[in-house]
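# Analysis of the macromolecular model
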Amino acid sequence: MRFLRRVLTPLFRRPALGAGSRKNVNGKRRCPLLAQLWIPHQVRDDKERGNRPKMQQSKNTLFLFIILLWNFYFGLTSYGLLNNNEGLYAQIAWEMLERNDFVIPFLNGVPYIEKPPMLYWLIAGVYAVIGKSVLAARFIPASFGLITCFALYLFSNRIRFNKLGFLSATILGSSLGYIIFSRMVFFDVLLTAFFTFSVLCFFLWDLEKNKNWLRLGYLFTALALLTKGFLSVLLIGLIFLIYFTYKYKNFKWVPKVFDWPGILIFICVSAPWHILASIQLDEFAWFYFINEHVLRFLDMRLPRDYYTGPFYYYLIRMPAYFIPWTFIIPWLLKGNKTRKNKGINTFLWIWFLVVLIFFTLSRAKANYYMVLGMPPAALLIGSYIQHHLKSEMMVKIGALLSAFVLLAGSFYVKYVESDLTERKTIEWFKNNSDKSTLYLFKRFELISSALFYYDKRLPIINSDSKDLWFGSKTSYGKGWFVDWNDVPTDRSAQFLVHKKDWNEFQNICPECQITYKGTKTALYKR
């Protein structure tokens, strides 16, 4: 028993902040690896740090767990995959699994190399376990949205700001913008997860001087790179260049950051896919590295398939992302004169502003880009309101309000589902046109979910698709991108046409009749 006590006791001992060696200030040995995963067992009632007794923290943790499960998983399959990006990315993961090719992503049978494959890999893994479904497609972004919230909670507990962890995780996990993006098949929530993990690990390395955190930071940076390209490496580098320079007033920290085991981890994780893709597809290097990264930022990408906007594009959107907190936080901040946490707040402001300024300067704009800046913003909000006497109560009320809005929104989306997805259209086609060939007319992106539900390759007539532009020019696209004059006069063929093209299609095929008409699309037959 004495032997077991001597072995097990150090594993569960609280690690001292700032301890970087195997010995603490009392000279007792501890296990730095398990210290990485340590979660405080005893919480001090320290008003200055915003902490609460253990019982209150347990109640808060339970509330947080329940509200996050509801917000990220309730009604996740109650409506079909949406047109444009969601149906598109879900289908790429399925084609990757079908082709058993996990290097070059394919969409509708042609290469699609705009994005790295991490999201596709993870969704394909879920497909392999439970099959192709809406749940399988949305499970990964929803899960990583939830995990990111818990990352804020654990990080705050690690630095002994326990109340901050509950507030920031609840605020992020109940902000309507973050919930919506997490419940869609997009890259940005997965990117936000790995990006956040990386930034928090680098910060903890600086705080505790433990190189295990530094190497984890390199690992998560590599995973972020495999999620959405070199953007993550650039932004993480900028964040810590500014923060460390501000903190230390010199550059003596630079050699310490360049940890060779960490760099080796980064290279071993991120490099193989880029090398294999460059070998497998000759055009990959130029299109991915130059066209997708450099030229997109400069608004010179080919083809131009993204939006632009004014410099205040994200400034007017961030308040909308944080509804309902946009209306609650000003009240909590009013009259809150307690001393702020200047050290952590400086770091969080740098993190948030680097992301905001970068996307503001970029010519390419999208609503979901700034989800990357929501975790530091949630931590900042939690930091500024944690000393308010009613902050916990108001945050719980706001979270419940958000859950109610989500419930109402799920019913609304179900009501307007036919405007957003082609699930019903393709189901009707499969039930009523067993031997018909289905063609897609012109606008692939606006009806791209049809490909997911049709589950076969679709020939496209008079294509103006930007997403398939690169693939259509390769040998894989031969015979699948056709002009109307080259379409066989097959009386059993049907044509899926978006509402914007109804007049044009009726002009080129006056003999075609509508067999099924939805709110945004229609099926025609000769």
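Everything quoted here is computed from the prediction, not taken from an experiment. (Residues numbered from 1 in each chain as written. Predicted model: local features only at pLDDT ≥ 70, side-chain atom pairs only at ≥ 80, totals over all residues. Heavy atoms only, no water.)

The next point concerns the overall build of the protein chain. Along its length, the protein chain carries 24 helices and eight strands. The 526 residues of the protein chain split such that 55% are buried. Across the protein chain, every contact between residues at least 6 apart in sequence was considered, and the portion connecting residues at least 24 apart equals 73%. Accessible area of the protein chain: about 24100 Å², with a carbon and sulfur share of 64%. (Helix = DSSP H or I, 4+ residues; strand = E, 2+ residues; numbered from the N terminus. Buried < 20%, exposed > 50% of the residue type's maximum accessible area, 1.4 Å probe, protein only. Contact = heavy atoms within 4.5 Å. Areas by Shrake-Rupley, 256 points an atom, 1.4 Å probe, with all protein chains shown as cover.)

For the rest of this paragraph, the subject is the sheet that holds strand β3 (residues 438-441). The six strands lie next to each other as β5-β4-β3-β6-β8-β7, forming an open sheet whose pairing is mixed. The outermost strands of the open sheet, each flanked by one partner alone, are β5 (481-482) and β7 (513-517). Pairing analysis gives four bridges linking β3 to strand β6 (residues 494-498), with the strands arranged parallel. Residue pairing across strands places Phe441 opposite Val497, the latter belonging to β6. (Pairing = 2+ DSSP bridges.)

What follows is about the packing of helix α6 (residues 134-158) against helix α7 (residues 162-173). Running from amino to carboxyl end, α6 crosses α7 at an angle of 165 degrees, the nearest separation of the two axes being 7 Å. In this view, α6 runs roughly antiparallel relative to α7, as classed from their interaxial angle. Judged by the twist between their axes, the crossing of α6 over α7 is right-handed. For the pair formed by α6 and α7, the contact residues are Thr148, Cys149, Leu152, Tyr153, Ser156 and Asn157 on the first element and Asn162, Leu164, Gly165, Phe166, Ser168, Ala169, Leu172 and Gly173 on the second. (Axes fitted to C-alpha atoms, helices over the stretch in contact; angles between N-to-C directions. Parallel < 35°, antiparallel > 145°, perpendicular 65-115°, else oblique. Left-handed = near helix turned anticlockwise from the far one by under 90°.)

Here we come to the pattern of salt bridges. Taken as a whole and judged by the stated rule, the model has 15 salt bridges. Among the salt bridges present, the one from Asp455 reaches Lys132, with a minimum N-O distance of 2.8 Å. Here Asp455, found in the loop between α22 (449-454) and β4 (460-461), pairs with Lys132, found in the loop between α5 (118-130) and α6; they are 323 residues apart in sequence, far enough to count as distant. Judged by relative accessible area, Asp455 falls into the partly exposed class, the value being 36%. Through salt bridges with shared partners, a single network forms among Lys414, Glu417, Arg423 and Glu427. (Salt bridge = Lys/Arg side-chain N within 4 Å of Asp/Glu carboxyl O.)

With that out of the way, let us pick up the nonpolar core. Core analysis: the largest hydrophobic core is formed by 148 residues, its most contacted members being Phe347 and Trp351. For this core, the leading source of residues is helix α9 (residues 188-208), giving 14 residues. Contacts of Trp351, omitting those with residues within four sequence positions, involve Phe195, Thr196, Val199, Leu200, Ile239, Leu372, Pro375, Pro376 and Leu379. The next biggest cluster of nonpolar side chains, apart from the first, holds 15 residues, and it includes Phe441, Ile461, Trp484 and Cys512. (Core = buried A, V, L, I, M, F, W, Y, C linked by side-chain atoms within 4.5 Å.)

Positive charge collects at one region of the surface, where Lys499, Lys500, Lys517 and Lys520 lie side by side. Within the secondary structure, Lys500 is located in the loop between β6 and α24 (502-508). The class of Lys500 is exposed, set by a relative accessible area of 57%. (Patch = residues over 30% accessible without salt bridge, like charges linked within 9 Å, V, L, I, M, F, W, Y side chains within 5 Å. Lys, Arg positive; Asp, Glu negative; His and termini not counted. Charge placed at Lys NZ, Arg CZ, Asp CG, Glu CD.)

The pairing of β7 with strand β8 (residues 521-525) spans four bridges and is classified as antiparallel. By the bridge assignment for β8, Tyr516 is matched with Leu523. Taking the residues between adjacent antiparallel strands as the criterion, β7 and β8 are bridged by three residues.

If you check helix α14 (residues 284-297), its first and last C-alpha atoms are 18 Å apart, about what 14 residues at 1.5 Å a residue would give, namely 20 Å. At Asn291, α14 shows its strongest bend, of approximately 40 degrees. Within α14 the residues assigned to the buried category are Phe284, Phe287, Tyr288, Asn291, Glu292, Leu295 and Arg296. Contacts made by the buried residues of α14 are with α10 (211-228), α13 (260-280) and α23 (469-472). Immediately beyond the C-terminal end of α14, within one or two residues, lies Asp299, with a positive phi of roughly 65 degrees. (Expected span 1.5 Å × (residues − 1). Bend = angle between axes of the 7 residues up to and from the residue.)

Moving on to the pairing of β8. Burial within β8 is extensive, with four of its five residues counted as buried. Across five bridges, the pairing between β6 and β8 is antiparallel. Paired with His498 across the bridge in β8 is Thr521.

Evaluated as defined, the whole model comprises 53 aromatic pairs. A ring pair is formed by Trp205 and Phe244, whose centres lie 6.0 Å apart and whose planes are at 70 degrees; its orientation type is edge-to-face. Here Trp205, found in helix α9, pairs with Phe244, found in helix α11 (residues 231-248); they are 39 residues apart in sequence, far enough to count as distant. For Phe244, a relative accessible area of 3% puts it in the buried group. Ring plane angle 90 degrees and centroid distance 5.3 Å describe the contact between Trp273 and Phe284, whose orientation is recorded as edge-to-face. With Trp273 in helix α13 and Phe284 in helix α14, this residue pair connects regions lying eleven residues apart in the sequence. Using a relative accessible area of 4% as the deciding quantity, one classes Trp273 as buried. (Phe/Tyr/Trp six-rings, centres within 6.5 Å; stacked < 30°, edge-to-face > 60°.)

Our focus in this paragraph is the environment of Gln513. Tracing the chain through its elements places Gln513 in strand β7. A sequence separation of ten residues divides Gln513 from Leu523, and the C-alpha atoms of the two residues are 8.4 Å apart. In contact with Gln513, other than residues within four places in its own chain, are Leu523, Tyr524 and Lys525.

Bringing the side chain of Ser410 into the picture now. By the secondary structure assignment, Ser410 is in helix α19 (residues 391-415). Once you skip the residues sitting within four places of it in the chain, Ser410 turns out to touch Phe74 and Arg183.

Looking now at the confidence of the model for the protein chain. A low pLDDT score tells you not to read the predicted coordinates there in detail. Here the protein chain shows a mean pLDDT of 87. Residues at 70 or above account for 88%. Here helix α2 (residues 32-36) stands out as the element of the protein chain with the lowest mean pLDDT, 40, in contrast to α5, whose mean of 98 is the highest. Overall, residues 6-51 carries pLDDT values under 50, and its contacts beyond four positions in sequence, including any with other chains, amount to 75 contacts. (pLDDT = per-residue confidence, 0-100.)

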